[in-house]
Amino acid sequence: MNSTNPRAYGASSPRHIAFLGLGVMGFPMAGHLARAGHQVCVFNRTTEKAQRWCDEFGGRAAPSVREAVAGADLVMSCVGNDDDLRSVTLGEQGAFAAMKPGAVFVDHTTASAEVARELARQASAGGLHFIDAPVSGGQLGARNGMLTVMCGGDAQAFEQMRAVVSDFARAVTLMGPSGAGQLAKMVNQVCLAGLVQALSEGIAFGQRAGLDMVQVLEAIGKGAAQSWQMDNRGKAMIADDLGSGFAIDLLRKDLGLALGEARRNGAQLPVTALVDQFYADLQRQGAGKRDSASLINRLR
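Residues numbered from 1 in each chain as written. Predicted model: local features only at pLDDT ≥ 70, side-chain atom pairs only at ≥ 80, totals over all residues. Heavy atoms only, no water.

1. Here's the deal with the pattern of salt bridges
1) Next: According to the stated counting rule, one finds 16 salt bridges in the structure shown.
2) Next: Of the charged contacts, one joins D254 and K253 as a salt bridge, the two residues approaching to 3.6 Å between their closest N and O atoms.
3) Next: A residue is classified by how much of its surface remains accessible, and K253, at 27% relative accessible area, is partly exposed. (Salt bridge = Lys/Arg side-chain N within 4 Å of Asp/Glu carboxyl O. Buried < 20%, exposed > 50% of the residue type's maximum accessible area, 1.4 Å probe, protein only.)

Take a look at the structure:
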């Protein structure tokens, strides 16, 4: 099975791009860049996955971060967390030490706003640019090249990367200075958590009431209750077909970032904190790798 689905690409000029991190999101994102005609060199800690990417998309794999980023116009990353991001950017073996002057580092990791600001300062000191650019849309959005990208950083650097990122995205928006992209992603995840819990409660309630919930969702999906989650995950929740997708472990990481930021800025997130604990219940039951829509199973 192909890792990307066909889509039309823009008219961005071919660029020399390094892509660091080939997880469930990074693998198809980098694939769309290759399909769009860019020269792509990939690096992944698991070399077998990097080779599998090359077998599908062409391009080349580098044995180290330094070799991957040498000469690249844009360096993109999609790794696990703040520490993973620091490991591929900083130090003698990190990207910042080997990138050419004036190049732009675009980070698609969902990470903290603090690390985004830290790395923006480090990049600037070395004559580089850093854009925090977390994505929303899940694995399906990555496969289809239809992600939403929320960016923070310098406007001139943003313009250098926008057309290229549009090769795997349907919306690329500059939200403000460094860290603003990560803060916008936190808003996204806060809204997501509340929606999934509400949808879970509605479906579980309807099932206990004896309703045909497929019919119910088809009806109310044309009204004020409609949401992306209802349209794309509702039937799977009804059928308990939730073995894959955006994992609970990953969403809890994201919610932890939002809750931590709220403690710093004084925002109140009572529903988010409660839903986070519901997800913690599922983790204790060994369901951390299951789809985040598995929240409904607490109610059955």
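2. Observations concerning the packing of aromatic side chains
1) Next: Evaluated as defined, the whole model comprises five aromatic pairs.
2) Next: For the pair F96 and F130, a centre-to-centre distance of 6.5 Å together with 80 degrees between the ring planes defines the contact as edge-to-face. Of this pair, F96 sits in the loop between α4 (82–89) and β5 (104–107) while F130 sits in strand β6 (residues 129–132), placing them 34 residues apart in sequence.
3) Next: F96 gets classed as buried once you look at its relative accessible area, which sits at 13%.
4) Next: Overall, F130 belongs to the buried group, its relative accessible area being 5%.
5) Next: Aromatic rings pair up to connect F27, W53 and F57 into one cluster.
6) Next: Sitting over the ring of F278, R298 keeps its end group 3.9 Å from the ring centre. (Phe/Tyr/Trp six-rings, centres within 6.5 Å; stacked < 30°, edge-to-face > 60°. Helix = DSSP H or I, 4+ residues; strand = E, 2+ residues; numbered from the N terminus. Lys NZ or Arg CZ within 6 Å of the ring centre and 35° of its normal.)

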